[in-house]
Amino acid sequence: MKIDSNITSYNPKFKGLMNNKALLKGLELVSEHSTSFIAGTTLLMASVIRPIVISMTPDVDKENKRYAAVNSFTSGLTKFAIVEAVAIPIENAVKNIDKNPEKFLNPETINNLKGSADKLINSQNYKFATQFFKLASNFITAIPKAMITIALMPLFMDLFFKNKKANNTKISNNNLQNQGFYRLNNGHNEIFAPFEKKANPSFKGGLINNTSKAIGEILNNGNIQNLIKKFSSHNENIARNMTMATDILLTASFVNRTNRSKKIKPERKKALIYNNIISTGISIIGGCTIDKLVKNNTKGFIEKFSKANKENPKLAKYIEGINIIRPTLIFAGIYYGILPLFSTYLADKTDKFINTNKPEKKLSE
């Protein structure tokens, strides 16, 4: 009996963890919102875990610790804000194509990408292509993220590590009103609330449809389809590979912007740069190694999981979710939870070693 993938109600025989409803729903959400999941994980780890680990690093210049911690917090916050602004429309647009492929894709494209799968949404080619579009939002925003992170770092340094006088922290009524706030008088106290903005559903719907059309036009290209089929066998590694490519571009952009920044103290730049390069390099090598080991050891789990949910029309999404969660948690755990203790220490010592062994300039007579 063939099961329609549009069926929304599915009541399998309970088999424990393998088909727990909360687990399945979570895996589905990760599959559909992969970039949001990665950005959210990064925000939590970068703004909380990494600064704590950096503060615990022994025998490191206090100011270097502060810059490293603020860099982590600012980077996580900026990444989340920018990626979500780009990722959410793309994720919703892909979901739109999932539901109505005939509306955005040519019949030839659907047949070509579907291959031997029963439905397009279950095709390895289609899953690879759509995940690439969603995860690419991380990559294409790497340079803007680096620029904004560097621009915001001095502001957060002042906010976290410099005491301000009360008079300097007061916000005038005019400033609040200029930023879209109005005054409410509740009898004794004046409070400010944002101007009400009415939602515009037609704009939202138009944005999603236009984005779906743009993605559809790309997928309708024969050359793009050939590339998809060539690389789709690496679908289960796409989250890991895109994460590595994004980290490399982001670090290179960060180094460039740090060197050019006039607001970061010159004597703190090198340690900050060394910290990022060391963290990225080790996390990529360590992340790939651990991900391969974990992946090999989880094959049995995925086989059991597939058997327990073999009649579930969303099985392909669940497995896709597993393949996104695994490398995300591994790379985040290494980069934000383990490495800061070593990279902060090494960066500080490398900076001091280079500065100590610099040849002294001869004074002109």
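Everything numeric in this text was worked out from a predicted model, so none of it was measured.

The rules behind these values
- Residues numbered from 1 in each chain as written.
- Predicted model: local features only at pLDDT ≥ 70, side-chain atom pairs only at ≥ 80, totals over all residues.
- Heavy atoms only, no water.
- Helix = DSSP H or I, 4+ residues; strand = E, 2+ residues; numbered from the N terminus.
- Buried < 20%, exposed > 50% of the residue type's maximum accessible area, 1.4 Å probe, protein only.
- Contact = heavy atoms within 4.5 Å.
- Areas by Shrake-Rupley, 256 points an atom, 1.4 Å probe, with all protein chains shown as cover.
- Phe/Tyr/Trp six-rings, centres within 6.5 Å; stacked < 30°, edge-to-face > 60°.
- Core = buried A, V, L, I, M, F, W, Y, C linked by side-chain atoms within 4.5 Å.
- Arc of directions from axis to C-beta.
- Axes fitted to C-alpha atoms, helices over the stretch in contact; angles between N-to-C directions.
- Parallel < 35°, antiparallel > 145°, perpendicular 65-115°, else oblique.
- Patch = residues over 30% accessible without salt bridge, like charges linked within 9 Å, V, L, I, M, F, W, Y side chains within 5 Å.
- Salt bridge = Lys/Arg side-chain N within 4 Å of Asp/Glu carboxyl O.
- pLDDT = per-residue confidence, 0-100.

(A) Spotlight on the overall build of the protein chain. A tally of helices and strands in the protein chain yields 15 helices and 2 strands. Here the protein chain, with 365 residues, has 43% of them falling under the buried criterion. By sequence separation, contacts in the protein chain at least 24 residues apart represent 79% of the contacts at least 6 residues apart. Surface accessibility of the protein chain: about 21000 Å² in total, with carbon and sulfur atoms responsible for 59%.

(B) Examining the packing of aromatic side chains more closely. Taken as a whole and judged by the stated rule, the model has 6 aromatic pairs. Measuring from centroid to centroid gives 5.8 Å for F156 and F160, while their planes differ by 25°, and the two rings are stacked. You can see F156 and its partner F160 sitting in helix α7 (residues 142-161), 4 residues apart, about one turn around the helix. Judged by relative accessible area, F156 falls into the buried class, the value being 16%.

(C) A look at the nonpolar core. Grouped together as the largest cluster of nonpolar side chains are 24 residues, with contacts concentrated most on I97, L105, L120, L135, I215, L219 and I228. Within the residue set of this core, elements represented by two or more residues are α3 (62-99), α5 (107-114), α6 (124-140), α10 (201-219) and α12 (238-260). When residues in this core are grouped by element, the largest group, 6 residues, is from α6. Leave out the neighbours within four places in its chain, and I228 touches L113, N125, F128, A129 and L219. Counting residues in each nonpolar core, the second largest holds 12 residues, with A142, I150, M153 and F156 among its members.

(D) Local environment of helix α14 (residues 299-308). Taken residue by residue, α14 has I302, F305, S306 and A308 as its buried positions. Seen from one end, α14 has its buried residues packed into an arc of 160°, which puts them on one side. Projecting away from the buried face of α14 at angles above 90 degrees are the exposed residues E303, K304 and K307. On its buried side, α14 packs onto α1 (21-32) and α15 (315-356).

(E) The arrangement of the packing of α6 against helix α11 (residues 222-231) in detail. Where α6 contacts α11, the two axes come as close as 9 Å, and the packing angle between them is 105°. Relative to α11, the element α6 is oriented roughly perpendicular. When α6 is examined against α11, the residues N125, F128 and A129 are found in contact with a partner set consisting of I228, K229 and F231.

(F) Just the side chain of K79, in detail. Mapping K79 onto the fold places it in helix α3. Apart from the residues within four sequence positions on either side, K79 is in contact with T42, E84, N138 and K145.

(G) Broad picture of a nonpolar patch on the surface. Residues L44, V48, I49, I52, M56, I338, L341, F342, Y345 and L346 make up a contiguous nonpolar surface patch of roughly 890 Å² in combined accessible area. Contributions of two or more residues to the nonpolar patch are made by α2 (34-55) and α15. When residues in the nonpolar patch are grouped by element, the largest group, 5 residues, is from α15. Along the chain, the position of V48 falls in helix α2.

(H) Seen up close, the confidence of the model for the protein chain. Here the protein chain averages 79 in pLDDT, and 81% of its residues register 70 or above. Scored below 50 in pLDDT, residues 1-10 makes 10 contacts in the model with residues more than four places away or belonging to other chains. Every residue in residues 361-365 scores below 50 in pLDDT, and together they form 0 contacts with partners more than four places removed in sequence or on other chains.

(I) Spotlight on the pattern of salt bridges. One pass over the full model with this rule turns up 11 salt bridges. Taking the shortest distance from any N to any O, the salt bridge between E32 and K317 comes out at 3.7 Å. Here E32 is found in helix α1, whereas its partner K317 is found in helix α15, with 285 residues between them in sequence. As far as the burial class goes, E32 and K317 line up, both buried. Between K265 and E63 there is a salt bridge, and its shortest N-O distance comes to 3.2 Å. Taken together, the residues K265 in the loop between α12 and α13 (266-297) and E63 in helix α3 connect sequence positions 202 residues apart.

(J) Expanded view of the side chain of E32. The buried category is assigned to E32, whose relative accessible area is 8%. With sequence-adjacent residues up to four places away left out, E32 is seen in contact with E91, K95, K134 and K317.

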